[in-house]
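# Chains, contacts and geometry: an overview
If you want the building blocks of each chain, they are given just below.
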Amino acid sequence: QLQASGGGLVQAGGSLRLSCAASGRAFLTYTMGWFRQAPGKEREFVSAITRSGSITNYADSVKGRFTISRDNAKNTAFLQMRSLKPEDTAVYYCAGHSTIDGIVSEHEQRYDQWGQGTQVTVSS
């Protein structure tokens, strides 16, 4: 089970840090991803990180501004968001799927564990 938190209202240029807490030891076997869905749009990939944290992947729209990380000792994944823009406004979801290390996926169909979503609103 995944629990996302950390969303909120922030001005453009500001920062937020999202957290995704997982219950159970299965987290250690998960590639973790973050996705987002803006009003009226389809859910889209944001970032992903391998089991060990050694490989990360980002959507072009967030490269250089967002950083994904994980703390396997605390069963938690993070998404540090900086230089936020109004177009980053969305519900952000964390997701996980069990796989071998070294695998990151942008495809939400690969993910079978999902958090409930946390709202991020960036005002201009």
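Refer to the structure presented above.
Conventions and cut-offs
- Residues numbered from 1 in each chain as written.
- Predicted model: local features only at pLDDT ≥ 70, side-chain atom pairs only at ≥ 80, totals over all residues.
- Heavy atoms only, no water.
- Helix = DSSP H or I, 4+ residues; strand = E, 2+ residues; numbered from the N terminus.
- Buried < 20%, exposed > 50% of the residue type's maximum accessible area, 1.4 Å probe, protein only.
- Contact = heavy atoms within 4.5 Å.
- Areas by Shrake-Rupley, 256 points an atom, 1.4 Å probe, with all protein chains shown as cover.
- Lys, Arg positive; Asp, Glu negative; His and termini not counted.
- Charge placed at Lys NZ, Arg CZ, Asp CG, Glu CD.
- Phe/Tyr/Trp six-rings, centres within 6.5 Å; stacked < 30°, edge-to-face > 60°.
- Disulfide = S-S within 2.5 Å.
- Pairing = 2+ DSSP bridges.
- Polar contact = N/O pair within 3.5 Å; in protein donor to acceptor, adjacent residues only side chain to side chain.
- Core = buried A, V, L, I, M, F, W, Y, C linked by side-chain atoms within 4.5 Å.
- Axes fitted to C-alpha atoms, helices over the stretch in contact; angles between N-to-C directions.

### Regarding the overall build of the protein
- Counting its secondary structure elements, the protein contains 0 helices and 11 strands.
- In sequence order, the secondary structure elements of the protein are arranged as β-β-β-β-β-β-β-β-β-β-β.
- Dimensions of the protein, computed from C-alpha atoms along their principal axes, come out at roughly 40 × 25 × 25 Å.
- Buried residues in the protein amount to 46% of all 124 residues.
- Of the contacts made within the protein by residues no fewer than 6 positions apart, 59% connect residues no fewer than 24 positions apart.
- For the protein, the exposed area adds up to about 6,200 Å²; of that, 46% sits on carbon and sulfur atoms.
- Charged side chains in the protein number 13 positive and 10 negative. The centres of these two groups are separated by 6 Å.

### Details of the packing of aromatic side chains
- Taken as a whole and assessed by the stated rule, the structure comprises 5 aromatic pairs.
- Residues F35 and W114 carry aromatic rings whose centres are separated by 5.2 Å and whose planes lie at 50° to one another, so their mutual orientation is tilted. You can see F35 sitting in strand β4 (residues 30-37) and its partner W114 sitting in strand β10 (residues 113-114), a full 79 residues away along the chain.
- Note on F35: relative accessible area 1%, which makes it buried.

### Some thoughts on the state of the cysteines
- Taken as a whole and judged by the stated rule, the model has 1 disulfide.
- Bridging C20 to C94, the disulfide has an S-S length of 2.1 Å. In this structure, the disulfide formed by C20 and C94 twists by about 65° around the S-S bond and is classed as right-handed. Within this pair, whereas C20 is found in strand β3 (residues 16-22), its partner C94 is found in strand β9 (residues 90-98), the two being separated by 74 residues in sequence. Each of the two residues, C20 as well as C94, counts as buried.

### Concerning the pairing of strand β11 (residues 118-123)
- Every second residue of β11 is oriented toward a common face, the buried set being T118, V120 and V122 and the non-buried set Q119, T121 and S123.
- When β9 meets β11, the two strands line up antiparallel, connected through 3 bridges. Within β11, the residue paired with A90 across the bridge is V120.

### Overview of the side chain of T118
- Inspection of the secondary structure puts T118 in strand β11.
- A distance of 3.0 Å separates the side chain of T118 from the backbone nitrogen of G7, its partner in a polar contact.
- With residues near it in sequence (within four places) discarded, T118 still touches A4, S5, G6, G7, L18, A90, V91 and Y92.

### A look at the nonpolar core
- Core analysis: the biggest nonpolar cluster contains 33 residues, and M32, W34, F66, L79, M81 and Y92 have the highest contact counts within it.
- Looking at this core, the elements with two or more residues in it are β1 (2-5), β3, β4, β5 (44-49), β7 (66-71), β8 (76-81), β9 and β11.

### A short note on the sheet that holds β8
- The strand order across the open sheet formed by 4 strands is β1-β3-β8-β7, and the pairing between neighbours is antiparallel. Taken across any chain shown, the strands that pair with only one partner, and hence form the sheet edges, are β1 and β7. Strand-to-strand twist across the sheet, computed as the mean angle between neighbouring axes with direction ignored, equals 15°.
- Looking at chain direction, β7 and β8 are connected through 6 bridges and run antiparallel. Bridged to F66 within β8 is M81.

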